[in-house]
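If you want the building blocks of each chain, they are given just below.
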Amino acid sequence: MTQFDKRNLSMMMDFYEMTMSYGYFEQGGGDRRVAFDLFFRSVPDKGGYAVFAGLEHVIEFVENLSFSDEDIAFFRAQNLFSEDFLKFLRNFRFRGDIYAVPEGTIIYPDEPILTVVAPMIDAQLLETAILAQINHQSLIATKAARIVRAAEGRMVSDFGARRAHNMDAATYGARAAYIGGVDMTATVSAAQQFGIPVSGTMAHSWVMFFEDEFEAFKHYAETYPQATVLLIDTYDVMHSGLPNAIRTAREVLETQGRRLAGVRIDSGDLAYLSKRVRAALDEAGLRDCKIILSNSLDEWTISSLLLQGAQVDSFGVGERLITAKSDPVFGAVYKLVAVERDGAFVPRIKMSENVEKLTNPGLKDLYRVYDKEGNAVADMIAIHGEPVDLTRPFRYVDPQKPWKNRFFEGFTARNIRRLYVKGGRRAEELPTLDEIRAYVRAQLEREIWQEEQRFENPHRHYLDMTPDYYDLKMSLLEEVRGKHS
């Protein structure tokens with residue numbers, strides 16, 4: 001087998017998913033319906049929010065979940081599973097429902113961003129694949145949104161493929177970065193597969209291939225006169241690269257009625273060099289020539305560059321974006337929250353010595369609460385199907401301060417989750433990638449508090465509960481504690 005062979009991604013699972021599924025099959029519980037919530041516990045980089053990404057590929061996965069003869073042969077060779085179970089797997093198709101917030105939604109810790117309601121075996125077999133997609137793409141989309149915010153309106157391009165953890169990480173990471181607000185990608189596979197604008201400039205090897213730097217610039221400008229961006233740090237930015245770039249603009253491009261589109265600096269003191277380059281370009285009559293900076297950038301280095309007065313029109317961001325280097329774990333988990341009994345779903349709760357690992361039980365709805373100006377002031381968990389009427393004062397519970405008597409007055413609320421898969425089939429059309437990207441931007445510009453978007457000590461977004469849901473959770477805690485203490 002080679003990396004170019006067709007893969008069955010249904011096999012991308014932890015082996016315990018198969019051993020657990022066989023156990024349920026043998027014990028007669030495999031068809032019993034359950035609910036699993038996907039949620040995360042903390043925002044990477046101690047940020048105030050995250051961006052939900054990867055839902056489209058989760059839905060594609062469940063629509064195509066199946067096992068081939070080769071897959072069945074592999075499981076048979078483990079000498080653990082009966083032939084009846086292997087026959088069940090060979091004919092398997094996902095039979096459940098999936099509720100989720102729309103892709104691109106701004107999300108917060110501990111809220112149910114995706115719920116699988118399905119027979120136990122079906123729900124179990126999804127776990128690793130769902131987590132892999134959501135954890136990776138949400139991580140990169142969140143990092144990208146932070147980097148784009150730091151750039152303060154300047155263009156940002158994804159340069160990260162060669163430092164990604166593998167080819168899939170580069171391709172899907174570029175998609176997630178675009179959702180988070182990055183303008184372009186240098187990754188051709190992502191541009192082709194997802195329709196992301198593609199960009200690419202000059203390599204240092206091009207400059208080094210020719211006998212001297214001006215010759216390299218001259219040939220490049222002759223080849224790409226309509227979009228000449230020159231890499232000026234191969235030898236010496238101020239004493240070689242920049243003078244040769246200006247000479248190329250005058251002697252090659254201007255003679256054709258063209259302009260030098262830009263110069264890129266990929267090393268050195270970027271703030272200092274960019275200011276000197278800008279001054280020299282302006283003095284040479286090249287005020288329209290853009291300056292592009294790259295070299296191990298992230299939101300912190302970009303913010304620092306701008307604070308120092310760097311003269312920059314565009315950023316190329318690579319390894320620290322595509323790997324989310326500063327905090328490379330998103331940490332979403334997938335936990336059982338309800339089991340069907342006699343036609344009704346009975347809540348389940350996971351207790352732990354660590355309070356942050358206590359789960360929110362049962363089937364639930366997730367509301368986003370807005371003030372009169374359209375600001376998202378809080379999210380609120382309700383029992384699934386519970387009436388939530390904010391046309392009059394509505395009492396809610398802050399689970400961190402449950403003793404306080406609090407009300408939403410003059411607010412509106414919207415259930416932000418939708419049914420995306422019903423009985424194993426797609427239940428609604430998915431938005432385009434550009435629509436998802438625009439949705440992220442609209443939320444960050446018009447709904448999400450600017451205080452939540454700070455890099456340092458962001459405001460905490462409140463996750464409240466309806467009184468009925470809070471009482472359900474507390475009563476279940478008491479019940480479980482009574483059984484197991």
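Our structure is the block above this text.
Residues numbered from 1 in each chain as written. Predicted model: local features only at pLDDT ≥ 70, side-chain atom pairs only at ≥ 80, totals over all residues. Heavy atoms only, no water.

Engineer: What am I meant to see in the packing of aromatic side chains here?
Structural biologist: For any pair of aromatic rings, geometry is given as the distance between the ring centres together with the angle between the planes. Applying the stated criterion across every chain yields a total of 22 aromatic pairs. Relative to Phe-75, the ring of Phe-74 lies with its centre 5.7 Å away and its plane at 65°, an arrangement referred to as edge-to-face. Each member of the aromatic cluster is reached from another via a ring pair, and the members are Phe-15, Tyr-22, Phe-25, Phe-67, Phe-74, Phe-75, Phe-81, Phe-85, Phe-88 and Phe-92. The ring centre of Phe-194 lies 5.8 Å from the NZ or CZ of Arg-175, which sits over that ring. (Phe/Tyr/Trp six-rings, centres within 6.5 Å; stacked < 30°, edge-to-face > 60°. Lys NZ or Arg CZ within 6 Å of the ring centre and 35° of its normal.)

Engineer: Even after reading the chapter, I still don't get the nonpolar core, so can you show me in this structure?
Structural biologist: Ranked by internal contacts, the top residues of the largest apolar core, which has 131 residues, are Phe-67, Val-116, Ile-232, Val-277 and Phe-315. With 17 residues, helix H5 (residues 120-151) is the largest single contributor of residues to this core. For Phe-315, the residues in contact, after removing those within four places along its chain, are Ala-151, Arg-154, Met-155, Val-156, Ser-157, Leu-293, Leu-297, Ile-302, Leu-305 and Leu-306. One finds Tyr-367, Ala-382, Leu-390 and Tyr-396 within the second-largest nonpolar core, a separate group that totals 10 residues. (Core = buried A, V, L, I, M, F, W, Y, C linked by side-chain atoms within 4.5 Å. Buried < 20%, exposed > 50% of the residue type's maximum accessible area, 1.4 Å probe, protein only. Helix = DSSP H or I, 4+ residues; strand = E, 2+ residues; numbered from the N terminus. Contact = heavy atoms within 4.5 Å.)

Engineer: Where do I start with helix H9 (residues 213-223) in this structure?
Structural biologist: Listing the buried residues of H9 in full gives Glu-213, Phe-214, Ala-216, Phe-217, Tyr-220 and Ala-221. Taken end-on, H9 shows its buried residues confined to a sector of 160°, consistent with a single buried face. For H9, the secondary structure elements touched by its buried residues are helix H8 (204-209), strand S8 (229-231) and helix H10 (237-253). Where H9 begins, one side-chain oxygen reaches toward the backbone nitrogen of Phe-214, 3.1 Å away; that side chain belongs to Asp-212. (Arc of directions from axis to C-beta. Polar contact = N/O pair within 3.5 Å; in protein donor to acceptor, adjacent residues only side chain to side chain.)

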